[in-house]
Amino acid sequence: MRFLRKLGHLLGRRSRLQRLEEEMRTHLEMSIDEGIRSGLAPAEARRRAQLAFGNTLATREGVTDALGWPVLESIWQDLCQSARSLYRRPLFTLSLVAVLALGIGGTGSITSLVRSVLLAPLPVPHPEEIHLAVASDGEPQLLSAPTLQRLASAVTFRGGIAGYSDNCRVALGVDEQPVEPVVAQFVTVDFFRTLGVPAAYGRTFTAADDRLGEPAAVGVVSWEFWRRRLGGDPAAVGRTVRLNGLPVAVVGVAPKRFCGVSLGDDADFWLPLGLHAPLRASPSHRTISDGPVVLAERVRDDRVAWLNLLLRLPAGCQADAAGAFAAAWQPHRDRVAAIMHDPQDRAECSKRAPRIVPSPQGYSNLRNGFRRTGLTLSLLVGAVVLVATANSATLLLLRLLSRTRELGVRLALGAGRLRLARGFMMEGLLLSAAGAVVGLLLAGGLTPLLAEWLVPGAVGGVVGVDGTLVGLLAAMAVLLGLVLGGVPAWFGARLAPQAVLQRQLGGPRGSLRFGRALIVFQLALSVVLIAVAGALAVDLRRTLQASCGYARESVVTAQFNFASAGIEAVRQPAVLERLRTAARELPQVQAVGFAACGPLGGGRLSSRLYFRGDGVRQPADATQHENIDPEYFAALGMTLLQGRVFEITDNASSPRVALISQRLSREVFGGADPVGRRFGFGVKAGAEDWEIVGVVADARVNSVREEPPALIYTPLTQWRQDAGFLAIRVAGDAAALRPALEARVKAAEPGLLFVRWLTVQERIERGVRNERATVRLTAGFGLLATLLAGIGVFGALGYLITTRSHAIAVRLAVGAAPGMVWRGVVCEAFWLGLCGALGGVMLAWLLPLWMGAWLMAELRPSWLALGGAAASGLFAALLGGLRPARRAAKIDPLVLLKAE
Amino acid sequence: MSRDQRTELLQGTLDLLVLKTLAALGALHGFGIARRIEQISGDTVLLNQGTIYPALVRLEDQGWIASEWGVSENNRRARFYSITAAGRKQLKDEVANWERVEALVNAVLAAG
């Protein structure tokens, strides 16, 4: 209360001071009146009154002190003075604030990105209790439904256990609108309860929703889906939509921040586990079978692993849970091992033991991809902050040097050095505070853009500007401000007034050398940034230029799902034929091919293969497997190296044939001819075996970044995997033809849902999107840093010319040619540039050693990039030196010497 | 009158005197308060009249006195101070305190 009153008085103190001054004047006048009334002469009355009142100045000071907090007041004065002095040079101030805002805003954006992608815990109560089951490689371990049931019945700890499938796409129909793809996740009814997530509207699941064999057709939708597709209306709870044709009632809406257990893979619908069979949906699974596997039996079948385990373990329960988990997992492992023919596989299988690990952040495969990007960016931001600081410090130092005369006068008049230093500190803090405010706004706007650019898919989970971020940036601003204020304060405190006033303008000892070092440091850092950007760009270019094994141009692709449309195997060949005919109606279409997964489609199949005959080296693990139709290679422009492609005559009743990739051929057969050799999916040779009829060139089908995998191709007519990928080869521009193709193909089979109509080129671009963004960001920041360093050179040399103008004038007067003066200044710039460039090259060389393997391991040092970066640093320094040099050469000795 | 006969005010007692004066006489301007203190002491107190103003600021900040503009007997615009309820309570406390101190000092002096 007292504090508030004091604060209130503090705010109104100017008017109060005026009031008191008026009172004191009146006081004196009354006193004089009294004296005159008692018979004194006016002059004597005034003297007496003044005597009685005492020292006016001291009184005034007493009043001022009583009115406010003296310390606060003098700080306020410093602040006002600093603000005024900054305001007087708007360009200087604005550029400094911009530089600092960039550093602080960049830090903010990257921090919130790294925090949300790598560090953010799940938005559930007590995320530290959440545990997941992972395989030995750290990837999530898929489990069979019976494994989960055994665990649930064995475990009696507090907390809970639940399971959830991987996401899969289903076709959504709302009212009579055309179907559209949505992402569904099948979960046990305990899923939401285990996570501790209540419904925002309606309810989550109850045990009644998933009685074995008769799941209820109900679903919980995500907040985002509810807002986007159901109009954000609480009355939408209870509405019925169609999923893959099946009417499903929406019984609840998940809370706003909850996007599931994995970031960047947000589900629209959560459905009871058992509902996957009526929906004919088949999320990722790993099956080891010794007989028919039926979708409807998946919730009971111990041979199909398709569920992720979610455990909530209160502290101290981990050991119990691990034991119970091992016991529940054992029967599944035994069951699967019993099916395996291969003794080696069986041994492998019995060694496999998934672990339960704390996963407060859930699991996201986005994280693996983002780790390198995130670390590169953190490094980048660190460099930008350093450059921004060095640059601002240089400019502030130069400003101090240009003010030495003023400061010298102030010192000579008795200003305290401490007070002077405090002024500089205040200036630094003001600048960095302004930078922090702008930077915070920048971060708020920039973060979603960066997220979209660098981690597409994670935007929903990115935390924006929050308290922690504001606190972090505020702390950073204070630190920056102290550093920025500290440099001029340090040198300012060492000013000698006599020297300054005697026109020795050299500035305090060491200040120039320090300024030069700052400039060289900036140049070196900018050279490093450009070198890193260059190396990244060269690497990306190399990746993109390497042959990927299929055509980049002129191929339109799309993905579809027969099962979700309810099209059974017998009807599929006719549907494919209809799609092909529809596409071929366009004269530009040259070939139409189908496959199960396709290149860069995101999915992959793999099968365990056993090659027959002598001299083969069996693959150590399952081999990637693609199921295709005869026109597929033609449509994708893939090269047959040997043998033949599939023919129409390779059908269900003819001998089974397969093609293998060059890499598989090399790994299995060495140099021997694989055509005519046989293999099977079982250990023992038999009539069911397949014959290799050809070898296909390697292709980077999973990602343009990784080495082409060993691959086997089988015909759609002979292997039971459904087609799900369409590739259309056209003459001319694929992107331009895509809409027409899309319309025709969709019209041919309205019930079939197509997703991701993309050209192959677009699929490739998507795959390197965040790398390209990283290159651009690094290069952008590098150029900016170079520009800043150039400005630093410009400022420093400009200052030098001013201080040395007298000496230069004397030299010119005694006959030196202006060209010589010009050369001298340019030479100075050249030296600065050379030191910066060499320092930068050295840093760029040492960086990989310091940073270890994570950043540059895959980056080969690029001489081109290094040389280019060094040249740009040198160039910037020279450019910055040109104007000061011209100014120096134009000095008119007569004017200057006459002025003396 | 020679300087020796005048008493210097004890630290902190000025506030007490101002409060007491206002409690006794009602609203007064600064000059009035100063003169009143001098008169009561028979002009024996060594008071720089100016020092009254910081004291007024302090007392007003504490909420013990309030002020408003008014017109003096000579038709001058002046600020008139008056004691508040909180000020009266404070005055009572300070008087009691003063009496305790006085009694203590007297007791010590008498014993000496």
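For the structure, check the block above.
Presented here is a report on the structure given in the accompanying data block. Every chain's residues receive numbers from 1 upward, in the order its sequence appears when written. Whichever chain is written first becomes A and whichever ligand is written first becomes 1, with later ones labelled in order. Local features are withheld for residues below a pLDDT of 70 in this predicted model, meaning they are given only at 70 or higher, and side-chain atom pairs are given and counted only at 80 or more; totals for whole chains, interfaces and linings count all residues.

**Notes on the packing of helix α2 (residues 13-37) of chain A against helix α4 (residues 56-67) of chain A**
Residues and elements named next belong to chain A.
Logical step 1: Where α2 meets α4, the axes come as close as 11 Å, and the angle between the chain directions of the two elements is 150°. Between α2 and α4, the angle falls in the class roughly antiparallel. Taken as a pair, α2 and α4 cross one another with a handedness that is right-handed. When α2 is examined against α4, the residues R13, R16, L17, L20 and M24 are found in contact with a partner set consisting of T59, V63, T64 and L67.
Logical step 2: Under the scheme applied, nonpolar residues are Ala, Val, Leu, Ile, Met, Phe, Trp, Tyr, Cys and Pro; charged residues are Asp, Glu, Lys and Arg; polar residues are all the others, including Gly. Within the contact of α2 with α4, the residues separate by chemical class into 5 nonpolar, 2 polar and 2 charged. Helix axes use the C-alpha atoms of the stretch in contact, all axes being lines fitted to C-alpha atoms, and the angles between their N-to-C directions lie in the range 0 to 180 degrees. Secondary structure elements are defined from DSSP: runs of H or I of at least 4 residues count as helices, runs of E of at least 2 residues count as strands, and each element is numbered from the N terminus. Geometric relationships in this document are graded by angle, where less than 35 degrees denotes roughly parallel, more than 145 denotes roughly antiparallel, 65 to 115 denotes roughly perpendicular, and other angles denote oblique. Crossing handedness is read from the near helix: turned anticlockwise from the far helix by less than a right angle, it gives a left-handed crossing, and turned clockwise, a right-handed one. The contact criterion used is a C-beta to C-beta distance within 7 Å, with each C-beta placed from the backbone.

**What to know about the environment of A563 of chain A**
Residue and element names in this part refer to chain A.
Logical step 1: As for its placement among the helices and strands, A563 is situated in helix α18 (residues 562-565).
Logical step 2: To assign burial, the other C-beta atoms lying within 10 Å of each residue's own C-beta are counted, with C-beta atoms placed from the backbone; 20 or more indicates buried, 12 or fewer indicates exposed, and intermediate counts indicate partly exposed. Owing to 18 C-beta atoms within 10 Å, A563 belongs among the partly exposed residues under this scheme.
Logical step 3: Counting along the chain gives 281 residues from A563 to S282, while the straight-line C-alpha distance between them is 8.3 Å.

**Observations regarding the interface of chain A and chain B**
Logical step 1: The interface is formed by 23 residues belonging to chain A together with 17 residues belonging to chain B.
Logical step 2: The set of elements that each furnish at least two residues to the side of chain A that touches chain B consists of α1 (2-11), α2, α3 (42-53) and α4 of chain A.
Logical step 3: Broken down by element, the side of chain A that touches chain B gets its largest block of residues, 10 residues, from α2 of chain A.

**Points about helix α1 (residues 13-25) of chain B**
An α-helix turns once every 3.6 residues. As a result, residues three or four positions apart point the same way.
All names here are of chain B.
Logical step 1: Multiplying 1.5 Å by the residue count of a helix minus one yields the expected span of that helix. With 13 residues, α1 should cover 18 Å at 1.5 Å per step; its first-to-last C-alpha distance of 18 Å lies within 8% of that length.
Logical step 2: Here α1 has its buried residues at V18, L19, T21 and L22. End-on view of α1: buried residues confined to an arc of 160°, all on one side of the axis.
Logical step 3: Elements in contact with the buried residues of α1: α2 (30-40), α3 (52-62), β3 (65-71), β4 (77-83) and α4 (85-111).
Logical step 4: One or two steps after α1, the chain reaches G26, where phi turns positive at roughly 75°. To obtain the arc, one takes the directions from the helix axis to the C-beta atoms.

**A word on the environment of L454 of chain A**
Residue and element names in this part refer to chain A.
Logical step 1: Within the secondary structure, L454 is located in helix α14 (residues 417-454).
Logical step 2: Owing to 23 C-beta atoms within 10 Å, L454 belongs among the buried residues under this scheme.
Logical step 3: Taking C-alpha positions, L454 is 8.9 Å from G374, a pair spaced 80 residues apart along the chain.
Logical step 4: When neighbours within four sequence positions are excluded, L454 is seen to be in contact with L113, T373, N770 and A773.

**Some points on unusual backbone geometry**
Residue and element names in this part refer to chain A.
Logical step 1: With a phi angle near 50°, H126 is a residue other than glycine that sits in the positive phi range.
Logical step 2: For H126, the position within the fold is in the loop between α6 (90-119) and β1 (130-134).
Logical step 3: Under the C-beta neighbour-count criterion, H126 is labelled partly exposed, with 15 such atoms within 10 Å.
Logical step 4: Even without glycine at this site, S554 takes up a positive phi of about 60°.
Logical step 5: Following the sequence through the fold, S554 ends up in the loop between α17 (511-545) and β16 (555-560).

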